[in-house]
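Read off the chains here:
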Amino acid sequence: MARRAAAYQREHPDVRLLRLGVGDVKGPLAPAVVEAMAAAVAELGRAETFRGYGPEQGYLFLREAMAREDFQARGAEIGPEEICVSDGAKSDCGNIGDLFAPESRVAVCDPVYPAYVDAAVLAGRAGTYDPATGRWSGLVYLPCRPEDGFMPRPPEEPVDLVWLCSPNNPTGGAATRGQLQAWVDYANDCGAVLLFDAAYEAFLDGTDRPRSIFEVPGARRCAIEFRSFSKTAGFTGVRCGAVAIPSELVREGQSLLSLWRRRQSVRYNGNSYIAQRGAAAAYTPEGRRQVRANVAACRRAARLLLEGAEAAGLTAYGGTCAPYVWARVPAGMTSWSFFDLLLREAGVVATPGSGFGPGGEGYIRFSAFGGEETVRAAVERLRRL
Ligand code: PLP
């Protein structure tokens, strides 16, 4: 997609491309975060306050802030000792597979954030790829339907690991409490572990959707949650995330929290002190106000995008609880042919839904991360097209 857009731009240098394909934030960082990181750098620059290796699981000041604000304040019972800080959700989503047997059966949504599939492929759990269907023989695909808000239903068969992502990339859907309860009940019934990616939870501010799987009764026995400061506080370049694993989560007699701590202390030396100080600043009253304002601006742009796509005649979803709008392509077109049409006729770059798995064919993803001005201009071009 990026290559096609770049080739088109080379051929048409005068066209101002409007990029709605980006999954990256635009910045800048919140001033409270910048101040905290600058202070941390100054500390490291003085012999009396210098710090070398930190705790592999992250500094307590950050884990305490996360436990209090991200979990306990929302009625989710997670303590600082159950949180392990990292350099971001992508590494954690890839690395978590180390805790499970190679033959573990993995279920993924369809469409899906591709990193979960890639991690299963790298671990040898995905079987073989069939180019005709776009599917891996070893994976269980969970269809995501518009009538369910693109959240999957538990399958009939038992599986070992289930990837869930709410708010969802790419569909922009967000799970209801009832949907998550159904998953928790399923997992506790069959022994599956839910791998819950909450990277976009900040976009649920002010809604009644759970921002953590641990808000759902029974989740402490069956779930692991991945958190990220990337989309919440603009940390895509700074890097900071965390995994929450309840002490009650035990499989084959082993505490997964202990196993994960062991894995991290063998393979990881902890995230940077500077990044962790920056992340902790997002929980101060000032920092919270600033990062919320950034997320709110992105949500406004997403809402404009949704309304603009609908006004242009597309059937569109998402855009209220996530930075993404997921739209059906016009009848008779594929994800890629619509991508090309948007590029050539409107100078708008989006992401073809088929890149997110076979269930994404027939859809296109628009991202609001480019900001309100880009979105307004793109929506006007869509309307004209
Ligand atoms: N999870 C989802 C669903 C994402 O969309 C992304 C990034 O786009 C990530 C995780 C990666 O987050 P991080 O930047 O913390 O590695």
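Rules used in this analysis
- Residues numbered from 1 in each chain as written.
- Predicted model: local features only at pLDDT ≥ 70, side-chain atom pairs only at ≥ 80, totals over all residues.
- Heavy atoms only, no water.
- Helix = DSSP H or I, 4+ residues; strand = E, 2+ residues; numbered from the N terminus.
- Rg over C-alpha atoms; globule rule 2.2 N^0.38 Å.
- Buried < 20%, exposed > 50% of the residue type's maximum accessible area, 1.4 Å probe, protein only.
- Contact = heavy atoms within 4.5 Å.
- Areas by Shrake-Rupley, 256 points an atom, 1.4 Å probe, with all protein chains shown as cover.
- Lys, Arg positive; Asp, Glu negative; His and termini not counted.
- Charge placed at Lys NZ, Arg CZ, Asp CG, Glu CD.
- Pairing = 2+ DSSP bridges.
- Axes fitted to C-alpha atoms, helices over the stretch in contact; angles between N-to-C directions.
- Left-handed = near helix turned anticlockwise from the far one by under 90°.
- Nonpolar A, V, L, I, M, F, W, Y, C, P; charged D, E, K, R; others polar.
- Salt bridge = Lys/Arg side-chain N within 4 Å of Asp/Glu carboxyl O.
- Core = buried A, V, L, I, M, F, W, Y, C linked by side-chain atoms within 4.5 Å.
- Polar contact = N/O pair within 3.5 Å; in protein donor to acceptor, adjacent residues only side chain to side chain.
- Near = heavy atom within 4 Å.
- Expected span 1.5 Å × (residues − 1).
- Arc of directions from axis to C-beta.
- Phe/Tyr/Trp six-rings, centres within 6.5 Å; stacked < 30°, edge-to-face > 60°.
- Lys NZ or Arg CZ within 6 Å of the ring centre and 35° of its normal.

A few words on the overall build of the protein. Across its full length, the protein holds 12 helices and 17 strands. Expected size for 385 residues packed as a compact globule is a radius of gyration near 21 Å; at 21 Å, the protein falls within 12% of this value. Out of the 385 residues in the protein, the part that is buried amounts to 53%. Contacts in the protein between residues at least 24 apart in sequence constitute 72% of all its contacts with a sequence separation of at least 6. Accessible surface for the protein amounts to roughly 16,300 Å². Of this, 51% is attributable to carbon and sulfur atoms. A distance of 4 Å separates the average location of the 44 positive side-chain charges in the protein from that of its 44 negative side-chain charges.

This brings us to the pairing of strand β10 (residues 241-244). Residues Gly241 and Val243 of β10 are buried on one face, and the alternating residues Ala242 and Ala244, pointing to the opposite face, are buried as well. Of the strand pairs in this sheet, strand β2 (residues 83-86) and β10 are connected by 4 bridges, and their pairing is antiparallel. Considered in β10, the bridge of Cys84 is made with Val243. Two elements, strand β9 (residues 223-228) and β10, share 4 bridges in a ladder whose sense is antiparallel. Of the residues in β10, the one forming a bridge with Glu225 is Ala244.

Quick look at the packing of helix α2 (residues 31-44) against helix α9 (residues 273-281) now. Contact geometry for α2 and α9: axes closest at 8 Å, N-to-C directions at 145 degrees. In this structure, α2 meets α9 at a crossing whose hand is right-handed. Counting all contacts with α2, which are made through Ala32, Val33, Ala36, Met37, Ala40, Val41, Glu43 and Leu44, the residues of α9 involved are Tyr273, Ile274, Ala275, Arg277, Gly278 and Ala281. Of the residues assigned to the contact of α2 with α9, the class counts are 11 nonpolar, 1 polar and 2 charged.

Scanning the entire structure with this criterion turns up 28 salt bridges. Here Glu201 and Arg74 are joined by a salt bridge, their closest N and O atoms 3.5 Å apart. In this pair, Glu201 is assigned in the loop between β8 (193-197) and β9 and Arg74 in the loop between α3 (60-71) and β2, connecting sequence segments 127 residues apart. Taking the relative accessible area as the measure of exposure, Glu201 reaches 4% and is therefore buried. Arg383 serves as the salt-bridge partner of Glu380, at 2.8 Å between the closest nitrogen and oxygen. Of this pair, Glu380 and Arg383 are both found in helix α12 (residues 372-384), 3 residues apart, which corresponds to roughly one turn of the helix. Among the ionic contacts, a cluster of salt bridges with common partners joins Asp70, Arg74, Glu201, Asp205, Arg211, Glu225, Arg227 and Arg292.

Time to look at the nonpolar core. Core analysis: the largest hydrophobic core is formed by 48 residues, its most contacted members being Leu62, Val162, Leu194, Ile213, Phe214 and Phe229. With near-sequence residues (within four places) excluded, Ile213 lies in contact with Leu180, Val184, Leu194, Phe196, Ala219, Ala223 and Glu225.

Counting through the fold element by element, Asp110 comes out in strand β3 (residues 106-110). Of the polar contacts made by the side chain of Asp110, one reaches the side chain of Arg135; its length is 3.2 Å. Excluding residues within four positions of it along the chain, Asp110 makes contact with Arg135, Tyr141, Leu142, Pro143, Cys144, Phe356, Gly357, Pro358, Gly359 and Gly360.

Taken together, 14 residues lie near the ligand, and Asp197, Tyr200, Ser228, Ser230 and Arg239 sit nearest. Between the ligand and Lys231, the relevant distance is 2.8 Å, taken from an oxygen atom to a side-chain nitrogen or oxygen of the residue. For the ligand, the accessible surface in isolation is 400 Å², of which the surrounding protein chains cover 91%. Contributions of two or more residues to the shell around the ligand are made by α4 (89-95) and α7 (230-233). A breakdown of the residues in the shell around the ligand according to their chemical character gives 6 nonpolar, 4 polar and 4 charged.

To continue, consider α2. In this model α2 runs 20 Å from its N-terminal to its C-terminal C-alpha over 14 residues, within 8% of the 20 Å that 1.5 Å per residue would give. Residues of α2 that are buried: Ala32, Val33, Ala36, Met37, Ala40 and Glu43. Along the axis of α2, the buried residues cluster in a sector spanning 130 degrees; they form a single face. Of the surrounding elements, those touching the buried residues of α2 are α9 and α10 (285-311).

Summed over all chains, the structure comprises 20 aromatic pairs. Taken together, a centroid distance of 5.0 Å and an interplanar angle of 80 degrees make the contact between Phe150 and Tyr317 edge-to-face. One end of the pair, Phe150, is in the loop between β6 (139-143) and β7 (161-165); the other, Tyr317, is in strand β13 (residues 316-318), and 167 residues separate them in sequence. By the ring-pair criterion, three or more aromatic residues cluster together here, those being Phe150, Tyr317, Trp326, Phe356 and Tyr363. Positioned above the aromatic ring of Phe61, the side-chain terminus of Arg277 is 3.7 Å from the ring centre.

Spatially, β2-β10-β9-β8-β7-β3-β6 is the arrangement adopted by the 7 strands of the open sheet, whose pairing is mixed. Unpaired on one side and paired on the other, β2 and β6 mark the two borders of the sheet. Neighbour-to-neighbour, the strand axes of the sheet open up by a mean angle of 25 degrees, direction not taken into account. Direction of pairing for β3 relative to β6: parallel, over a ladder of 5 bridges. Its bridge partner lying in β6, Asp110 is registered against Pro143. On top of the sheet, helix α8 (residues 256-267) reaches β2, β8, β9 and β10; it is set at about 30 degrees to β2, its chief contact.

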